[in-house]
Amino acid sequence: MPGIDTLPIEETFEDSPQTRSLLGVFEEDAAAISNYSQKLFQAMNRIYDAQNELSAATHLTSKLLKEYEKQLSSCHAVLSTQLADAMMFPITQFKERDLREILTLKEVFQIASDDHDMAINRYSRLSKRRDNEKVKGEVMEDVYTSRKKQHQTMMHYFTALNTLQYKKKIAILEPLLGYMQAQISFFKLGSENLTQQWEDFLTNIGTSVQNVRREMDGEVDIMQQTIQDLEQASDLLYMPDPDPSQVPVNRNLTRKAGYLYRRNKTSLVSSSWERQYFFTQGGNLMGQARGHVAGGLVMDIDNCSVMAVDCEDRRFCFQITSFDGKKVVILQADSRKDCEEWIATINNISKRIYLSENPEEIAARVNQSALEAVTPSPSFQQRHESMRPTTQGRSRAARTSSVSSVGSETASPALSVLSLDALVAPDTPIQFDIISPVSEEYAGQAKAAGQGRTNPFGESGDTPPEESEDSILHQLFIVRFLGSMEVKNADSSDVIYETMRQILASRAIHNIFRMTESHLLVTCDCLKLIDPQTQVTRLRFPLSSVVVCSSHQENKRLFGFVLQTAEGRVDGRPVTVCYIFESNNDGEKICDSVGLAKQIAFHSEMDRKATEKKEEQDKAKEKQQEELSKQKQIEKDLEEQSRLIAASSRPTPPAPSADGQFLVLSKSQSEDSDAGQEGREKGESDA
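For clarity, every value in this text was computed on a predicted model and none was experimentally measured. (Residues numbered from 1 in each chain as written. Predicted model: local features only at pLDDT ≥ 70, side-chain atom pairs only at ≥ 80, totals over all residues. Heavy atoms only, no water.)

Asker: When you look at the overall build of the protein in this model, what are you seeing that I'm missing?
Answerer: Scanning the protein from terminus to terminus reveals 14 helices and 16 strands. Out of the 687 residues belonging to the protein, those deemed buried represent 40%. Sequence-distant contacts in the protein: of pairs separated by 6 or more residues, those separated by 24 or more amount to 67%. (Helix = DSSP H or I, 4+ residues; strand = E, 2+ residues; numbered from the N terminus. Buried < 20%, exposed > 50% of the residue type's maximum accessible area, 1.4 Å probe, protein only. Contact = heavy atoms within 4.5 Å.)

Asker: Is there a simple way to explain unusual backbone geometry in this structure?
Answerer: Within the chain, F316 stands out as a residue other than glycine whose phi angle is a positive 55°. Tracing the chain through its elements places F316 in strand β6 (residues 314–321). Residue R352 is not a glycine yet carries a positive backbone phi of 65°. Of note, R352 is situated in the loop between α5 (336–350) and α6 (359–372).

Asker: Before we go on, may I ask you to explain a negative patch on the surface in this structure?
Answerer: On the surface, a cluster of negative charge is contributed by E615, E616, D618, E622, E626 and E627. Within the fold, E622 resides in helix α13 (residues 587–649). (Patch = residues over 30% accessible without salt bridge, like charges linked within 9 Å, V, L, I, M, F, W, Y side chains within 5 Å. Areas by Shrake-Rupley, 256 points an atom, 1.4 Å probe, with all protein chains shown as cover. Salt bridge = Lys/Arg side-chain N within 4 Å of Asp/Glu carboxyl O. Lys, Arg positive; Asp, Glu negative; His and termini not counted. Charge placed at Lys NZ, Arg CZ, Asp CG, Glu CD.)

Asker: Mind showing me how you'd approach the nonpolar core here?
Answerer: Within soluble globular proteins, side chains that are nonpolar tend to cluster in buried spots. By size, the foremost hydrophobic cluster in this structure holds 35 residues, and its most contacted members are Y123, L285, I301, F318, I320, L331 and I346. Those residues within four positions of Y123 in sequence are excluded, and the remaining contacts are V139, M140, V143, P240, D241, F316 and D334. By size, the runner-up hydrophobic cluster in this structure holds 27 residues, among which are F481, V575, F581 and A597. (Core = buried A, V, L, I, M, F, W, Y, C linked by side-chain atoms within 4.5 Å.)

Asker: What is the right way to read α5 from this model?
Answerer: For an α-helix, the turn length of 3.6 residues means that residues three or four places apart are oriented alike. Between its first and last C-alpha atoms α5 spans 21 Å; for 15 residues at 1.5 Å apiece the expected length is 21 Å, and the two agree. Summarising burial for α5: 13 of the 15 residues are buried, a large majority. Just beyond α5, the residue with positive phi is R352, at close to 65°. (Expected span 1.5 Å × (residues − 1).)

Asker: Can you help me understand the environment of E582 in this one?
Answerer: Within the fold, E582 resides in strand β14 (residues 574–583). A relative accessible area of 10% places E582 in the buried class. Here the alpha-carbon distance between E582 and R480, two residues 102 residues apart in the chain, equals 5.1 Å. Looking at E582, its side chain comes within polar contact range of the side chain of R557, at 3.0 Å. (Polar contact = N/O pair within 3.5 Å; in protein donor to acceptor, adjacent residues only side chain to side chain.)

Asker: Just checking my understanding: could you explain helix α12 (residues 494–510) for this structure?
Answerer: Helix length check: α12 (17 residues) gives 24 Å between terminal C-alpha atoms against 24 Å at 1.5 Å per residue, within 8%. Most of α12 sits out of view: 13 of its 17 residues are buried.

Asker: I tried to follow the pairing of strand β1 (residues 257–265) on my own but got confused; where do I start?
Answerer: For a regular strand, the rule is simple: side chains alternate between the two faces of the sheet. Direction of pairing for β1 relative to strand β2 (residues 271–281): antiparallel, over a ladder of nine bridges. Residue pairing in the sheet places R262 in a bridge with E274 of β2. Where β1 and strand β7 (residues 328–332) come together, two bridges link them in antiparallel fashion. Residue pairing across strands places Y261 opposite Q332, the latter belonging to β7. (Pairing = 2+ DSSP bridges.)

Asker: Explain the sheet that holds strand β4 (residues 296–300) to me, please; I cannot follow it from the model alone.
Answerer: Hydrogen bonds between backbone groups are what pair the strands of a sheet, and the pairing can be parallel or antiparallel. Reading across the sheet, the seven strands line up as β4-β3-β2-β1-β7-β6-β5 and stay open at both edges, with antiparallel pairing between neighbours. Each end of this open sheet is capped by a strand with a single partner; those strands are β4 and β5 (305–311). Each strand of the sheet is rotated relative to its neighbour by a mean of 40°, with strand direction disregarded. Examined bridge by bridge, β6 and β7 share five bridges and lie antiparallel to one another. Residue pairing for β7: C317 is matched across the bridge by Q332. Sheet strands in contact with α5 are β1, β2, β3 (284–288), β5 and β6, and its direction is about 10° off that of β6. (Axes fitted to C-alpha atoms, helices over the stretch in contact; angles between N-to-C directions.)

Asker: What is the right way to read the side chain of T516 from this model?
Answerer: Along the chain, T516 turns up in strand β9 (residues 516–523). Within the local environment of T516, its side chain forms a polar contact with the side chain of D433, the two groups lying 3.0 Å apart. If we ignore the near neighbours within four places in the chain, the residues touching T516 are D433, I434, V479, R480, F481 and R538.

Asker: Got a minute to help me understand the packing of aromatic side chains in this structure?
Answerer: The relative placement of two aromatic rings is captured by the distance of their centres and the angle of their planes. The final tally for this structure, using the stated rule, is 10 aromatic pairs. One aromatic cluster in this structure is built from F481, F541, F559, F561, Y579 and F581. Directly above the aromatic system of F41 lies the positively charged group of K95, at a separation of 5.3 Å from the ring centroid. Here the guanidinium or amino end of R314 rests over the ring plane of Y261, the centre of that ring lying 5.8 Å away. (Phe/Tyr/Trp six-rings, centres within 6.5 Å; stacked < 30°, edge-to-face > 60°. Lys NZ or Arg CZ within 6 Å of the ring centre and 35° of its normal.)

Asker: What am I meant to see in the pairing of β6 here?
Answerer: Counting buried residues along β6, eight of its eight residues qualify, which places the element largely inside the surrounding structure. Examined bridge by bridge, β5 and β6 share six bridges and lie antiparallel to one another. The partner of A308 across the bridge, within β6, is F318. The antiparallel hairpin formed by β5 and β6 contains two residues in its connecting segment, where E312 sits at a positive phi of about 55°. Hairpin connection between β6 and β7: a loop of six residues separates the two successive antiparallel strands, and G325 in this loop has a positive phi of roughly 75°.

Asker: How do you make sense of the pattern of salt bridges when you look at a structure like this?
Answerer: Note that side chains of opposite charge can pair when their charged atoms are close. If you walk through the whole model with that rule in mind, you get 22 salt bridges. Note that K337 is salt-bridged to E341, the shortest N-O span being 3.1 Å. Highlighted residues: K337 and E341, both in helix α5, separated by four residues, approximately one helical turn. Connected via shared salt-bridge partners are R480, E517, R557 and E582.

Asker: Where do I start with the confidence of the model for the protein in this structure?
Answerer: One rule of thumb: low pLDDT means the predicted coordinates there are not for detailed reading. Within the protein, residue pLDDT values average 76, and 76% of them lie at 70 or more. For the stretch residues 437–469, pLDDT sits under 50, and the model shows 41 contacts to residues farther than four places along the chain or on other chains. (pLDDT = per-residue confidence, 0-100.)

Asker: Mind showing me how you'd approach the state of the cysteines here?
Answerer: By definition, a disulfide links two cysteine residues through a covalent bond between their sulfur atoms. Taken as a whole and judged by the stated rule, the model has zero disulfides. Here C317 stays free of any disulfide, with the sulfur of C311 as its closest cysteine sulfur at 5.4 Å. For C317, a relative accessible area of 2% translates into the label buried. Here C578 stays free of any disulfide, with the sulfur of C549 as its closest cysteine sulfur at 9.6 Å. (Disulfide = S-S within 2.5 Å.)

Asker: What am I meant to see in the side chain of S113 here?
Answerer: For S113, the position within the fold is in helix α2 (residues 69–124). Engagement of the side chain of S113 in a polar contact is seen with the side chain of R20, the distance being 3.0 Å. In this structure, S113 is in contact with R20, Q150 and R290, ignoring residues within four places of it in sequence.

Structure, rendered in structure tokens:
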């Protein structure tokens, strides 16, 4: 006998659209069997009625023919009895018992499915702000009861449909076999024409029927045992939000499927939530509504970002943003476990782990490395076996990404002599959200301005004109802030690798998936983090304070830079902070852009200093010329004064009067005359 297709009972709890579609195929087959069995029953009932009528007519005839009364009556009575037992009984039992059981289970399953949908809808609308333990307990008990009832009903319904695949053969063959056996027995009573071929054929048919019955009994036993095992294993899964200690979260998945609620905006202020079946297929997120034959593309989740969000006072919501930031999908899971598994799975797919040969093994290794990253080890080198780049790669990274001094190359110190305390201060807190440090400089600017746009982080929204107009370089990148922490050493890019390791490990351990997305603007003066929605500057880093900038050698989308602030601590030492980001682009491009900005700023500073030096030299020359001119004027004045003194010391003859006599002047008149003459001579010399 060929193999018989059956419904997989193991997939009853998942209740996926594919399982529902396969169930629909079996239901259509059951309906076809019911229709065919009804027609077969009517045909065989006509045979049975005809045989009864023939038996009654034969009995009446036998009364007229006394000598044949006993023989004819007994033969037709035996034939009628055999037709009733062998032909009508199997088809009647199949019609009245088996098919009626299928219809009853179908109705019960539909009722259980509707009850479960109502219970899960009521559970999804539980308020997170107004947490009523009594209402929550009633709703969770309702979900538990309805989910258990649906699962059990579905398993028994599947078992009945699977059994029907065997019973339909028996229901068709047994009546035909009984009819033929009854007819043969009838003919044997008065005929010798029965051959061995007929007997062999009927024997084979009987053997096949017995084999099918034994196979059906064995399959029923297996399905009953499977139902018991699944009921015991699924008891914890009936709760909508199971205990994480009993049902742990699997963060190594690269494929996942299940029912989620999707938020659809119906207007500017209202939205609706639709329950759909979602599944991942490669780097795509697919969605399939109930009743649809196949799923459709929801969005491309390669290089996407995913994080938990608070949305409309609903539990377990998370948001998926496409790599270009143009599409956002908000979904709601049934439990915290499902929510965290969906977020971890989409993160693994976003990193393209699914393209490797053993994706789950690689995902497990990555997560295990993140968990083990917080365990102290004796040396820095042992902790960086999975994250530290090779020596050649570090040298290249130090040459290309280090921007500590433009125009000079500094080799990275040997990792074997570094320790954790030499790079990162012990017990250093990690900042996972953007908080702008309000410095005295920005506070003074805000007070002096007296107006302008101020963002929640304490910075003015107005951009200085020299930054936006005079800057040669303007490059914009989409980045997501992972975290920042204070470091002790900023001499090499190794401190960035260590900071990346600690921040990623802390995020994995504390289940922190939320990331703030910003636009990173690189100019020749500073680095800015700008809010993509409001265009408000969240953080501003002076380019002169950026000491080191480097990207991760394995995950190219991770990069960071070390910032040395001008404000010092109480002891006077500068504060050194390392910032870590994730970008949609290659991190090396961003580091190269920062390096280019440092070079442009360096050359601009050199040109400015050269211009200032030249201006100082020109001013010195002008001042020297003025000093020489003053000195020459003083010498000329001294010479003129000496000449006047010499002229005034000579005797002056008395002037004759009109009558030829000499006029004698008094002493005062002589002095006035000398002073007037001296003034005229001085005026002529000045002219």
